[in-house]
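Coordinate analysis (summary)
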Amino acid sequence: MTAPTLAPQVEISAPPSGGPALTQPRARLAAGGRVALSLLLPLALAIGWELAVRTGFAQGRLMPPPSQIGATLYALAASGDLWLHVQATLVRVALGFAFGATAGIAVGALTGTLPLARHLLDPTLQALRAVPSLAWVPLFILWLGILETPKVTLIAVGVFFPVYIGVAGAIASVDRKLVEVGRIFRLSKTALARRILLPAILPATLVALRTGLGLGFLFVVAAELMGASEGLGYLLVDGQQFSKADQILAAIIAFACLGKLADALLVALTRPLTRWQDTARETL
Amino acid sequence: MLTIEGLSKTYADGTRALDGIDLSVPQAEIVALIGGSGCGKTTLLRLVAGLDRASAGRIQLDGEGIASPHPGVGLVFQEPRLLPWLSVADNVGFGLAELPKAERAARVSHALERVGLSEHAGRWPRELSGGQQQRVSIARAFVANPRVLLLDEPFSALDAFTRKDLHGHLLALWEEVRPTILIVTHDVGEAVALADRAVVMRPKPGRLDDTIPLPLPRPRNPTSAQTEAATRKILAALDKSLRPKQSVSDIAEPQNANWW
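The rules behind these values
- Residues numbered from 1 in each chain as written.
- Chains lettered and ligands numbered in written order.
- Predicted model: local features only at pLDDT ≥ 70, side-chain atom pairs only at ≥ 80, totals over all residues.
- Heavy atoms only, no water.
- Pairing = 2+ DSSP bridges.
- Helix = DSSP H or I, 4+ residues; strand = E, 2+ residues; numbered from the N terminus.
- Contact = heavy atoms within 4.5 Å.
- Axes fitted to C-alpha atoms, helices over the stretch in contact; angles between N-to-C directions.
- Domains from an automatic or database assignment.
- Salt bridge = Lys/Arg side-chain N within 4 Å of Asp/Glu carboxyl O.
- Buried < 20%, exposed > 50% of the residue type's maximum accessible area, 1.4 Å probe, protein only.
- UniProt positions renumbered as here; feature names shortened; annotations may be inferred.
- Buried area = accessible area lost by both parts, 1.4 Å probe.

Let us look at the sheet that holds strand β4 (residues 56-61) of chain B. All names here are of chain B. Strand order in the open sheet formed by 4 strands is β2-β1-β4-β5, with antiparallel pairing between adjacent strands. Whereas interior strands pair on both sides, the edge strands pair on one side only; in this sheet they are β2 (16-25) and β5 (64-65). Note: β4 against β5, 2 bridges, orientation antiparallel. Residue pairing across strands places Gln60 opposite Gly65, the latter belonging to β5. Where helix α1 (residues 41-49) meets the sheet, its contacts fall on β1 (2-10), β2 and β4, and the angle it forms with β1 comes to roughly 120°.

Spelled out as structure tokens, the structure:
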């Protein structure tokens, strides 16, 4: 603190406006600062667009300003329509995810543990996986009609494959060394599966389930676009047919929130199961 | 009494890992298996542990044949191999699932105390150092009260100080239940520090080459004249075992021809 008095005046006044001083606050950015920084771009875009429409620079018919989207969303929520559509979509995703994930885990466990099942089933399943899931839509409609069944089936098919691949792969990559620990202590087949295999494949299985859930939301949109009288996908189609861009965007925002919430719920529910993991997640 | 008679192991690809091993170890003796890499030390341990099947010969523990993992035989692997999803205490108690909860807890806490890790009982394996993890692994094997304990280069990845410390822990546990110990090592100092007898192995195919008795009193002083003499003896035997039986020039010539 005594040094500056000895130094020439110019050098003391220079740093605050100079380049080197800029790096300091950046390094000290706390978590809150980072959140603010991540919101900066979307907020600036939203406010800029709002101003552009208000001042008459842009029309805002095809790309309504945020205030209008918000108003539409609020109106939908107030009338109760939004909940109706959200509920319809969530029920489809939940049912499709439940069926697809259960089947994926069951078949994945089967092919992962039994060589016979692997040689019998895996090639066929891999071939079916190569079919884009949307290609099944016409067939499902032909077979199952246009109500809920084909929609749930499509979602289940979409969820099945990533879960199946994830579980079968996780079983195949269980560390032989840990299995040997089980053998040394003479665990029975079922005890080995319960005490070593199951915990070992859990993390990869949860990742597969998250992927599957994301695909569930992808396919619920596809299913609802094909023809539905309720659901967020219906809001999309309806918005397109009546040129209600604000309604489309409101539905998209609802999708974003639902998807994020569902994923966060899945992560929160399963976090206690993978607390032991020695991964980089906490340091990233 | 652990008896091994005419034990051979040939792998599916035709590699003869072990050929005609005969060894008998009385109860409570500590035997160090020492030899260069590829002389079948680990294969021998895996056969005694019942993890692999022998091609010929037999292994008996107090007259009982061993062909699959046996409750009287414990194994400490080269790596700790702790189950990362279990706490330190649960890892130690992993082999005691059939015991009533109270007895299991008592035995686990006693074993953890003996390896000096009582205060780490509730932690995850990932939070321990390599030496601590290996101590957990030794406790896990000891807690099942094996009659024979096999150790496969258990301290090879650790620094000299940690290793010396672990030798102490191992001997303390051994004093308590006095199992037969077969320890594979490539560290002559380790053999002299622990064993009653060093068995030197020779590679291709793996055979027992020489036996050096180590009748030194415990605790052993690594710098005493006795231990130094024993170390020299083992080193000489090792040197002999690594030199091929045929005259050196026979083997050396083709090797030299291809060298460039």
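On we go from here.
This part covers the side chain of Glu29 of chain B. Tracing the sequence through the fold places Glu29 of chain B in the loop between β2 and β3 (30-34). Those residues in contact with Glu29 of chain B that sit more than four places away from it in its chain are Pro179, Thr180, Ile181, Asp196 and Arg197 of chain B.

This part is about the domain arrangement of chain A. Annotation of chain A at the domain level lists domain 1 (26-58) and domain 2 (67-283). Taking only C-alpha atoms into account, the centre of domain 1 of chain A sits 33 Å from that of domain 2 of chain A.

Turning our eyes to something else, we now look at the pattern of salt bridges. Scanning all chains against the criterion turns up 22 salt bridges over all chains. Across the pair Glu29 of chain B and Arg197 of chain B runs a salt bridge whose closest N-O atoms are separated by 2.9 Å. Separated by 168 residues along the polypeptide, Glu29 of chain B in the loop between β2 and β3 and Arg197 of chain B in strand β9 (residues 197-202) bring together distant segments of the chain. The exposure class assigned to Arg197 of chain B is buried, which follows from its relative accessible area of 15%. Its salt-bridge partner being Glu175 of chain B, residue Arg178 of chain B comes within 3.5 Å of it at the nearest N-O pair. A relative accessible area of 44% means that Glu175 of chain B is categorised as partly exposed. Each of Arg176, Lys177 and Glu180 of chain A together with Arg46, Asp52, Glu79 and Arg81 of chain B takes part in a single network of salt bridges with overlapping partners.

Moving on, we come to unusual backbone geometry. Most peptide bonds adopt trans geometry, and most residues besides glycine take a negative phi value. A positive phi angle, close to 55°, is found at Arg186 of chain A, a residue other than glycine. Structurally, Arg186 of chain A is set in the loop between α10 (176-184) and α11 (189-226). One non-glycine residue, Asp62 of chain B, lies in positive phi territory at about 50°. With respect to the secondary-structure elements, Asp62 of chain B resides in the loop between β4 and β5.

Here we come to the UniProt feature "domain: ABC transmembrane type-1" (unreviewed entry) in chain A. Under the UniProt annotation, "domain: ABC transmembrane type-1" (unreviewed entry) lies at residues 86-270 of chain A. A helix fraction of 86% and a strand fraction of 0% characterise residues 86-270 of chain A, whose end C-alpha atoms lie 24 Å from each other.

With that out of the way, let us pick up the interface of chain A and chain B. When the parts of a complex come together, some accessible area is lost, and that lost area is often used as the size of the interface. Taken residue by residue, the interface counts 19 residues in chain A and 22 residues in chain B. Interface area for chain A against chain B, summed over the two sides, is near 2,100 Å², with a carbon-plus-sulfur share of 65%. Summed over the shared surface of chain A and chain B, the number is 3 salt bridges. Salt-bridge contacts for Arg81 of chain B lead to Glu180 of chain A; the nearest nitrogen and oxygen are separated by 2.8 Å. For the side of chain A that touches chain B, the elements supplying multiple residues, two or more each, are α10 and α11 of chain A. Take the side of chain A that touches chain B: its biggest share by element is 8 residues, from α10 of chain A.

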